[in-house]
Amino acid sequence: MTTPQQQTQTRRNAMELTLHRLTNTQPGAIYDEITRLCAGGGIEPLAAMTIHLADAMAAVLIKDTGSRKDAIASLQQQLTDATTRSAK
């Protein structure tokens, strides 16, 4: 169970990481930013941020497709397409 302070920090880290990704033109710089955001916390801050970002992505998919069921179908199709492309 996370504290309200940890939840706030996780949201802040996810926002900072997203802002970094939107504003930085060097793709490899993201690794340094992740290291900075999760410094001293072990794997927990990274796991919490990953979960937060997955939840946000799910919310966007649900909004874009109109329902949770359609979001699942859309993401499954995208994964199938990506797998098919990488197998070629």
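Residues numbered from 1 in each chain as written. Predicted model: local features only at pLDDT ≥ 70, side-chain atom pairs only at ≥ 80, totals over all residues. Heavy atoms only, no water.

Q: What exactly am I supposed to notice about the overall build of the protein here?
A: Secondary structure summary: the protein contains four helices and zero strands in total. Reading the secondary structure of the protein in the N-to-C direction produces α-α-α-α. A compact globule built from 88 residues would reach a C-alpha radius of gyration of about 12 Å, whereas the protein, at 16 Å, exceeds it by more than 25%. For the protein, the C-alpha atoms occupy an extent of roughly 40 × 30 × 25 Å along the three principal directions. In the protein, which comprises 88 residues, the share counted as buried stands at 15%. Taking contacts inside the protein between residues at least 6 apart in sequence as the whole, the part at least 24 apart equals 33%. Roughly 7,000 Å² of accessible area belongs to the protein as shown, and the carbon and sulfur atoms make up 60% of that amount. Positive and negative side-chain charges in the protein, numbering 9 and 8 respectively, have mean positions lying 4 Å apart. (Helix = DSSP H or I, 4+ residues; strand = E, 2+ residues; numbered from the N terminus. Rg over C-alpha atoms; globule rule 2.2 N^0.38 Å. Buried < 20%, exposed > 50% of the residue type's maximum accessible area, 1.4 Å probe, protein only. Contact = heavy atoms within 4.5 Å. Areas by Shrake-Rupley, 256 points an atom, 1.4 Å probe, with all protein chains shown as cover. Lys, Arg positive; Asp, Glu negative; His and termini not counted. Charge placed at Lys NZ, Arg CZ, Asp CG, Glu CD.)

Q: How should I be thinking about the nonpolar core in this particular structure?
A: The nonpolar side chains of soluble globular proteins are, as a tendency, buried together. Core analysis: the biggest nonpolar cluster contains six residues, these being Ala14, Leu17, Ile30, Leu37, Cys38 and Met49. Of all elements in the fold, only helix H1 (4–23) and helix H2 (29–37) reach the threshold of two or more residues within this core. In this view, Leu37 contacts Asn13, Glu16, Leu17 and Met49; residues no more than four positions away in its chain are not counted. (Core = buried A, V, L, I, M, F, W, Y, C linked by side-chain atoms within 4.5 Å.)

Q: Any chance you could explain helix H3 (residues 44–65) here in plain terms?
A: Note: α-helices contain 3.6 residues per turn, so residues at a spacing of three or four share the same orientation. Under the 1.5 Å per step criterion, the end-to-end length of H3 is 31 Å for 22 residues, consistent within 8% with the ideal 32 Å. Positive phi appears at Gly66, one or two residues downstream of H3, with a value of about 100 degrees. (Expected span 1.5 Å × (residues − 1).)

Q: It is not clear to me how the packing of H1 against H3 should be interpreted in this structure. Could you clarify?
A: Between two packed helices, the angle of one axis relative to the other and the distance separating the axes together describe the packing. Close contact between H1 and H3 brings their axes to 9 Å; oriented N to C, the two are set at 70 degrees. The orientation of H1 relative to H3 falls into the category roughly perpendicular. Contacts between H1 and H3 involve Thr10, Arg11, Asn13, Ala14, Leu17 and Thr18 on the former and, on the latter, Ala48, Met49, His52 and Leu53. Its residues assigned to classes, the contact of H1 with H3 shows five nonpolar, four polar and one charged. (Axes fitted to C-alpha atoms, helices over the stretch in contact; angles between N-to-C directions. Parallel < 35°, antiparallel > 145°, perpendicular 65-115°, else oblique. Nonpolar A, V, L, I, M, F, W, Y, C, P; charged D, E, K, R; others polar.)

Q: What am I meant to see in the pattern of salt bridges here?
A: Side chains carrying opposite charge are able to pair once their charged atoms draw close together. Across all of its chains, the model carries three salt bridges by this definition. With a closest N to O distance of 3.1 Å, Arg12 and Glu16 form a salt bridge. Placement of both Arg12 and Glu16 in helix H1 is noted, with a separation of four residues, approximately one turn of the helix. We classify Glu16 as partly exposed; its relative accessible area is 23%. Here Glu33 makes a salt bridge to Arg36, at a shortest N to O gap of 2.8 Å. Note that Glu33 and Arg36 are positioned in helix H2 at a spacing of three residues, about one turn of the helix. A relative accessible area of 48% means that Arg36 is categorised as partly exposed. (Salt bridge = Lys/Arg side-chain N within 4 Å of Asp/Glu carboxyl O.)

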